[in-house]
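If you want the building blocks of each chain, they are given just below.
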Amino acid sequence: MKAKPFKDFSRLCVHTITTKPWRIDEAVRHFSKAGVNGISVWRDTLEDRDVVQTGNMIRDNGLDIVSLVRGGFFPSISRRKQLEAIDENKRAIDEAAELGSPMVVLVCGADSGQPLQVSRDQIKEGIASILPYAAERNVKLAVEPLHPMYADTRSAINTLSQANDLVEALNDQGIGVAIDVYHLWWDQTLEKEIARCGAHDNIFAFHICDWLNPTKDMLTDRGLMGEGCIPVREIRGWIEKAGFTGYVEVEIFSDRWWAEDQQYFLEEIKKAYLECS
Ligand code: ZN
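Below, the structure is looked at part by part. (Residues numbered from 1 in each chain as written. Predicted model: local features only at pLDDT ≥ 70, side-chain atom pairs only at ≥ 80, totals over all residues. Heavy atoms only, no water.)

## Side note on the overall build of the chain
Next up, step 1: Looking only at helices and strands, the chain features ten helices and eight strands.
Next up, step 2: What you see for the chain is a C-alpha radius of gyration of 18 Å, in line with the 19 Å of a compact globule of 277 residues.
Next up, step 3: If one aligns the C-alpha atoms of the chain with their principal axes, the spans along those axes are about 45 × 45 × 35 Å.
Next up, step 4: Out of the 277 residues in the chain, the part that is buried amounts to 57%.
Next up, step 5: Relative to all contacts within the chain whose residues are 6 or more apart in sequence, the contacts with residues 24 or more apart total 81%.
Next up, step 6: Charged side chains in the chain number 32 positive and 43 negative. The centres of these two groups are separated by 2 Å. (Helix = DSSP H or I, 4+ residues; strand = E, 2+ residues; numbered from the N terminus. Rg over C-alpha atoms; globule rule 2.2 N^0.38 Å. Buried < 20%, exposed > 50% of the residue type's maximum accessible area, 1.4 Å probe, protein only. Contact = heavy atoms within 4.5 Å. Lys, Arg positive; Asp, Glu negative; His and termini not counted. Charge placed at Lys NZ, Arg CZ, Asp CG, Glu CD.)

## A short note on unusual backbone geometry
Next up, step 1: Here the amide bond leading from Val-69 into Arg-70 is cis, since omega sits at 10°, within 30 degrees of zero.
Next up, step 2: Structurally, Arg-70 can be placed in strand β3 (residues 64–72).
Next up, step 3: That bond from Asn-213 to Pro-214 is cis: its omega, 0°, falls within 30 degrees of zero.
Next up, step 4: Mapped onto the elements, Pro-214 comes out in the loop between β7 (203–208) and α8 (232–241).
Next up, step 5: The phi dihedral of Phe-73 falls on the positive side, at around 50°, and the residue is not glycine.
Next up, step 6: Structurally, Phe-73 can be placed in the loop between β3 and α3 (79–99).
Next up, step 7: What makes Phe-73 partly exposed here is its relative accessible area of 33%.
Next up, step 8: The backbone phi angle of Asn-171 is positive, close to 45°, even though this residue is not glycine.
Next up, step 9: Positionally, Asn-171 belongs in the loop between α5 (160–170) and β6 (175–180).

## Observations regarding the packing of helix α2 (residues 51–60) against α3
Next up, step 1: With their axes 7 Å apart at the nearest point, α2 and α3 run at an angle of 45° to one another. The orientation of α2 relative to α3 falls into the category oblique. Seen from α2, the contacting residues are Val-51, Val-52, Thr-54, Gly-55, Ile-58 and Arg-59; seen from α3, they are Glu-95, Glu-98 and Leu-99.
Next up, step 2: Residues of the contact of α2 with α3, tallied by class, amount to four nonpolar, two polar and three charged. (Axes fitted to C-alpha atoms, helices over the stretch in contact; angles between N-to-C directions. Parallel < 35°, antiparallel > 145°, perpendicular 65-115°, else oblique. Nonpolar A, V, L, I, M, F, W, Y, C, P; charged D, E, K, R; others polar.)

## A look at the environment of Ala-96
Next up, step 1: Mapped onto the elements of the fold, Ala-96 is located in helix α3.
Next up, step 2: Between the C-alpha atoms of Ala-96 and Arg-137, which are 41 residues apart in sequence, the distance is 8.8 Å.

Shown next, in the form of structure tokens:
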């Protein structure tokens, strides 16, 4: 199915990290004024803030809180660090509940001092141990597979196939997948795995941006949709065919865009969203 271009911003969500130079109250004010409907909140923006009040402030400005980013980082060669990660994830879940976020996105983690499969087993064990805690607080968890260039330390879950396997094995309504085009666009099985994810009602989130050629930094050189080589609209078509009707989340880490005037950047995001997503 070909995705039709969006005609409005009713499904547009922007991550706070995308406009990193803005404090969260500034981002909320500008997003709201610009007609953006959803916001995904990065935890660093909540430091030294009253989380309940911040959630109310966001809703008072007419924005939906789509997710809290991020928990995860379960694997470690140290058992003590694994247990600390569980506690940290519980804090993230508490924060999501206080904020009124229905979901925490998980960057699952990896430890390059041990085989990837051991990290994967620890991820599964870690998620299983926090799922009841999250369910009690009405918070869902979304596994975000990351591009294999991050398999050393950031995530041992690198394909949608692996994420689907993991989430299906956990077999719990509270766990699903966050599909980010930046991490998954290169995968020849992507269309099939998106369909599989949708068939299990496991598509919890959809993140967009673009892959620049050349990419100058592994972390902070993402492109705005249309600047790079990711077929964002085609992938969105697969996502919609798989039944996803939620927010389309613009998540861009970019030193180049962060150096621009953020209001100008937000207008460019809106244009790109209508044209390319
Ligand atoms: Zn993402």
